[in-house]
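Chains, contacts and geometry: an overview
Take a look at the letters that make up each chain.
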2 protein chains.
Amino acid sequence: MNAIKIGLLGLGTVGTGVVRIVEKHQEDLMSQVGSPIRIEKIAVKSLEKERSIAVDPAILTQDPWEVIRHPDIDIIIEVMGGVEDTKTYLLDALEHGKHIVTANKDLMALYGSEILAKAVEQQCDVFYEASVAGGIPIIRTLIEGFSSDRITKIMGIVNGTTNYILTKMSREGASYEDVLKEAQQLGYAESDPTSDVEGLDAARKMAILGTLGFRTNVELRDVSVRGISSVSKEDIAYARQLGYEMKLLGIAERHDEGISISVQPTMVRTSHPIAAVSGVFNAVYVYGEAVGETMFYGAGAGEMPTATSVVADLVAVIKNMKLGVNGLRAIVPYKEKKLKADDQVFYKNFLLLQVDDKAGVLAQITQVFAEYEVSLDSVIQTPNAQQPGAEIMIVTHLANKASMEKVIKHFESLEVIRRIKSSYRVEG
Amino acid sequence: MNAIKIGLLGLGTVGTGVVRIVEKHQEDLMSQVGSPIRIEKIAVKSLEKERSIAVDPAILTQDPWEVIRHPDIDIIIEVMGGVEDTKTYLLDALEHGKHIVTANKDLMALYGSEILAKAVEQQCDVFYEASVAGGIPIIRTLIEGFSSDRITKIMGIVNGTTNYILTKMSREGASYEDVLKEAQQLGYAESDPTSDVEGLDAARKMAILGTLGFRTNVELRDVSVRGISSVSKEDIAYARQLGYEMKLLGIAERHDEGISISVQPTMVRTSHPIAAVSGVFNAVYVYGEAVGETMFYGAGAGEMPTATSVVADLVAVIKNMKLGVNGLRAIVPYKEKKLKADDQVFYKNFLLLQVDDKAGVLAQITQVFAEYEVSLDSVIQTPNAQQPGAEIMIVTHLANKASMEKVIKHFESLEVIRRIKSSYRVEG
């Protein structure tokens with residue numbers, strides 16, 4: 001029986017996991033696909049690096065082209081990361097009729113449509129389950145599980161680093177800076193954490209999920225992004241006091257007038273299933289018109305969870321090869337994209353204001369909300385022990401984004417308001 | 001463009017949802033499968049029944065054979081329920097080259113292997129996503145999403161009726177009988193609730209999940225079953241006091257020595273993600289060696305959620321038809337079945353004993369545990385205000401089932417124990 005030969009681009013965390021699973025589960029995999037699976041060649045940065053697995057040095061190379069152009073290799077697994085060079089490699093591989101499995105969210109968010117179009121042209125598979133939410137098979141679920149439904153909302157905790165930081169801040173009352181430092185020491189955060197903490201990583205994943213869920217071509221620039229670096233421990237304490245958990249949520253919504261996609265720190269009602277997702281875990285909440293509320297929970301990163309998704313994709317590619325149907329099941333977005341304008345995007349808001357402690361302040365403030373037709377759910381005024389003046393917490397009803405921006409602009413010039421301490425989206 | 005013609009067996013709750021989705025999402029479905037989908041014929045019990053949807057009376061028939069043998073129909077959607085007759089219909093349909101989508105857990109749990117074997121023989125598809133956990137695409141997830149992993153544990157809240165009853169008992173301190181009556185009035189429980197409350201419905205679903213997760217042919221008789229009718233509000237109050245929620249859990253486990261599958265009321269640590277699944281919602285927790293902890297949550301029943309899964313299967317069948325690969329992706333269990341003996345099944349236990357309130361009782365009891373090598377996690381003795389004597393709550397460490405049965409047998413003959421009030425499996 002001829003082995004199916006695989007080429008690996010990259011042998012870092014995920015690549016190591018892929019080698020482990022292919023070796024350890026070889027028998028189970030064979031039972032499913034009918035052939036042995038052999039890793040034929042691996043492109044690595046350094047040939048000398050010490051590795052936690054034993055790999056035959058003869059299959060290692062520093063030249064990615066040796067993998068991509070290898071005549072016996074049918075499937076390329078890309079786990080090296082990077083965007084521009086990687087795109088060149090993968091397009092070339094497709095050009096040569098090779099199928100792709102990738103865990104690269106940056107690449108798929110930026111050039112997914114180009115790569116998928118090339119795959120269709122070449123009748124090749126490109127699968128990327130591992131690019132979003134690691135071990136959770138959410139891409140399959142959106143493509144196949146909900147093919148019959150009209151998905152109207154996707155909310156995701158799709159970045160483990162920020163969820164770890166926010167969970168820790170919430171549970172221990174610690175500051176953002178302290179927890180970030182600890183997360184860096186534990187390896188949960190990069191030494192340059194920008195991509196995670198500023199929400200860019202989550203935005204890429206939401207572009208992918210939005211594209212699949214709404215069957216329209218969501219691009220990274222369509223996602224409005226705010227990170228967690230401005231979230232204070234005080235904000236989290238207030239949120240908890242009101243019955244909310246602070247989460248970095250990606251939110252993609254669809255209504256008749258269009259779609260909106262955003263990533264921002266969000267106060268989530270504790271009774272919402274996604275509020276309980278803690279630590280480095282990920283979860284994607286999907287609301288479909290017919291199916292209603294669903295949620296998918298699991299490890300969002302890490303060697304073995306991510307490799308599980310990569311190898312599941314590999315199994316799917318090989319099954320397609322055996323049936324001769326590669327590239328024929330690709331989901332090409334077929335809906336025209338219509339982005340909502342800011343006055344079509346509605347959500348609840350939390351505002352924390354530091355104000356003068358004198359009569360009539362509340363009246364002035366509520367007057368501004370009324371002027372822009374934003375109605376209020378609750379207003380709580382508390383004297384502040386640390387600072388002069390008082391604090392006012394406000395939760396609005398659903399309000400459109402444009403009006404809320406006008407309210408905030410107005411507040412900035414209102415004399416009785418000393419400072420807008422924080423503002424957050426509210427869900428649930 | 002030729003329409004794909006569908007025959008429906010049954011037009012009850014789920015059938016109605018299928019008709020609704022096929023009509024309402026016709027355009028989206030066409031974009032995915034490339035053909036219109038038409039419901040050609042529907043077998044119903046009564047032609048006169050008033051229905052919540054408008055259906056052309058000309059396509060209704062009281063004769064299932066008119067649907068099964070209809071020459072233009074390619075796909076049969078079976079949502080009529082029943083086992084023996086239904087099996088005859090479906091085997092005949094397969095014999096005539098028709099593909100099957102079914103929501104019938106009873107049928108699949110009892111005759112799944114026979115039906116799937118016939119499908120492979122006839123190169124036909126048989127899909128049954130809706131048979132377990134309604135709108136949650138858990139069957140796809142086990143077959144495809146985790147094809148690369150070795151699943152070692154599946155825990156499911158797969159019966160909405162019992163979860164509704166237990167949730168209500170827990171939140172309101174109400175009795176089983178009162179909540180059951182209310183559930184029946186609300187339509188959440190049948191007038192004969194036996195199949196739900198005695199755990200049979202959940203057992204059928206666990207047989208299906210076990211078969212897919214462990215890739216071995218789990219049969220209904222392999223599942224040990226205990227229902228919730230003996231759960232008292234006092235038990236639930238004790239559970240909460242110790243930090244547990246009472247849930248009817250299906251638990252399928254795999255170790256090197258074999259598999260075990262059971263359904264029983266279980267005390268689940270509140271920090272476990274499945275403990276928070278409340279009301280009529282379902283959830284399936286899956287632990288894989290590589291992927292670790294995952295959980296899939298959503299509506300377990302109801303017209304539209306269940307129909308979502310049925311129509312998603314329909315889309316998959318039609319895509320396979322277009323590619324000419326029906327029946328070629330069937331998962332046939334390939335592992336030999338090895339069931340664990342009782343002394344190989346380990347779990348924690350909760351016991352509530354009513355005992356004489358005198359010196360030495362605790363020593364006698366702990367002596368029995370020691371004799372059968374069951375070690376204890378905690379023992380709490382409380383005077384009972386309502387009854388003479390005292391109560392002892394015991395939580396064991398992991399103990400094998402055979403030993404625990406011996407402990408309980410021994411307790412029954414121990415004079416100082418007046419009554420074994422309750423015993424439960426403990427998880428988390």
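Note that this is a predicted model, so its numbers are computed, not measured.

With that settled, the discussion passes to the nonpolar core. By size, the foremost hydrophobic cluster in this structure holds 158 residues, and its most contacted members are A:I138, A:I165, A:F350, B:I138, B:I165 and B:F350. When residues no more than four places from it in sequence are discounted, the contact partners of A:I165 are A:Y176, A:V179, A:L180, A:A183, A:V197 and A:I228. In this structure, A:I6, A:L11, A:L60 and A:V315 belong to the second largest nonpolar core, which totals 35 residues.

Here the focus is the pairing of strand β15 (residues 390–396) of chain B. Residue and element names in this part refer to chain B. Where burial is concerned, most of β15 is hidden: seven out of the seven residues are buried. The alternating pattern of β15 places A390, I392, I394 and T396 on one face and E391, M393 and V395 on the opposite face, and all of these are buried. Of the pairings in the sheet, the one linking strand β13 (residues 346–355) to β15 comprises six bridges and is antiparallel in character. In the strand pairing of β15, L353 is matched with I392. Bridging between strand β14 (residues 376–383) and β15 involves seven bridges; their strand directions are antiparallel. Bridging across to β15, S378 finds its partner in V395.

Take helix α1 (residues 13–24) of chain A next. Residue and element names in this part refer to chain A. Here α1 spans 17 Å end to end across twelve residues, near enough to the 16 Å set by a 1.5 Å rise per residue. Three or more residues of α1 are buried, namely V14, G15, T16, G17, V18, V19, I21 and V22. Buried residues belonging to α1 abut β1 (4–9), α2 (26–33), β2 (37–43), β4 (75–78) and α12 (303–323).

Bringing the environment of B:R254 into the picture now. Along the chain, B:R254 falls in strand β9 (residues 244–255). C-alpha separation for the pair B:R254 and B:V345, spaced 91 residues apart in sequence, amounts to 9.9 Å.

This next bit is on the layout of surface pockets. Residues and elements named next belong to chain A. Size it by volume and the second largest pocket reaches roughly 1200 Å³. Looking at the lining of the second largest pocket, the elements that each hand over two or more residues are α1, α5 (105–121), α7 (160–172), α9 (194–197), α10 (200–214), β11 (281–288) and α12. No other element matches the three residues that α10 contributes to the lining of the second largest pocket. Within the lining of the second largest pocket, the residues separate by chemical class into 14 nonpolar, 15 polar and ten charged.

We now examine the UniProt feature "binding site: NADP(+)" (unreviewed entry) in chain A. Residue and element names in this part refer to chain A. According to UniProt, the feature "binding site: NADP(+)" (unreviewed entry) maps to L9, G10, L11, G12, T13, V14, G15 and T16 in the numbering used here. Checked against the lining of the second largest pocket, the annotated residues just named reduce to T13 and V14. Structurally, L9 is set in strand β1. Given the relative accessible area of 0%, L9 is considered buried. Once you skip the residues sitting within four places of it in the chain, L9 turns out to touch A43, P64, V67, I68, I76, I77, E78, V79, M80, Y89 and L90. Relative to the helices and strands, T13 resides in helix α1. Those residues in contact with T13 that sit more than four places away from it in its chain are G302 and E303.

Turning our eyes to something else, we now look at the sheet that holds strand β5 (residues 99–102) of chain B. Residues and elements named next belong to chain B. Spatial ordering of the open sheet is given by β3-β2-β1-β4-β5-β6, a layout of six strands whose pairing is parallel. In this open sheet, the two edge strands, each paired with only one partner strand, are β3 (60–61) and β6 (126–127). Looking at chain direction, strand β2 (residues 37–43) and β3 are connected through two bridges and run parallel. Within β3, the residue paired with I42 across the bridge is L60. Of the strands in this sheet, β1 (4–9), β2 and β4 (75–78) are in contact with helix α1 (residues 13–24), which crosses β2 at around 160°.

Let's shift gears to the relation of the copies chain A and chain B. Mapping chain A onto chain B is achieved by rotating through 180° and translating by 0.0 Å along the same axis, at an RMSD of 0.0 Å. Such a combination of rotation and displacement between the chain copies is what one expects of a two-fold axis. Among all residues of chain A, the minimum C-alpha distance to the rotation axis is found for A:F296, at 2.4 Å. Both copies contact each other with a shared surface, as 100% of the interface residues of chain A are interface residues in chain B too.

Within this structure, the stated rule accounts for three cavities of 30 Å³ or more. Lining the largest cavity are 46 residues, with A:R140, A:E144, A:R329, B:E144 and B:R329 sitting closest to its centre. Broken down by class, the residue content of the lining of the largest cavity amounts to 26 nonpolar, six polar and 14 charged. When its volume is computed, the second largest cavity comes out at roughly 50 Å³. Residue lining of the second largest cavity: A:P137, A:R140, A:T141, A:E144, B:P137, B:R140, B:T141, B:E144 and B:G145, and that is the complete set. Of all the secondary structure elements, the ones that give two or more residues to the lining of the second largest cavity are α6 (138–145) of chain A together with α6 (138–145) of chain B. The greatest single-element share of the lining of the second largest cavity, amounting to four residues, is contributed by α6(B).

The rules behind the values
In this convention, every chain numbers its residues from 1, walking through the sequence in written order. As they are written, the chains are lettered A onward and the ligands numbered 1 onward, keeping that order. pLDDT decides what is reported in this predicted model: residues at 70 or higher carry local features, side-chain atom pairs at 80 or more are listed and counted, and totals for whole chains, interfaces and linings draw on all residues regardless. To get the side-chain values, all heavy atoms of the structure are used, and hydrogens and water are removed first. For the purposes of this section, nonpolar cores are sets of buried Ala, Val, Leu, Ile, Met, Phe, Trp, Tyr and Cys residues that join through side-chain atoms within 4.5 Å. For each residue, the accessible area found with a 1.4 Å probe, counting protein chains only, is set against the maximum for its type, and the residue is called buried under 20%, exposed over 50%, and partly exposed in between. By definition in these notes, contact holds between two residues if any of their heavy atoms fall within 4.5 Å. Numbering goes from the N terminus for both helices and strands, where a helix is a DSSP run of H or I of at least four residues and a strand is a run of E of at least two. Each pair of strands is called paired provided DSSP finds at least two bridges between the two strands. A helix is expected to span 1.5 Å for every residue after the first. Cavity and pocket criteria rest on a 1 Å grid covering protein atoms alone: a 1.4 Å probe that fits but cannot get out defines a cavity, protein on both sides within 12 Å along at least 5 of 7 lines defines an open pocket, and an atom within 4 Å of a point defines a lining residue. Grid points are joined across faces, edges and corners, and a volume is the space filled by probe spheres set on the points. In this count, Pro and Cys sit with the nonpolar residues alongside Ala, Val, Leu, Ile, Met, Phe, Trp and Tyr, while Asp, Glu, Lys and Arg are called charged and the others, Gly among them, polar. UniProt positions are given in the numbering used here, feature names are shortened, and annotations may be inferred rather than shown by experiment. Only the stretch in contact is used when fitting a helix axis, every axis being a line fitted to C-alpha atoms; angles between N-to-C directions are given from 0 to 180 degrees. Copy-to-copy alignment: least squares on C-alpha atoms, limited to residues at pLDDT 70 or above in both.

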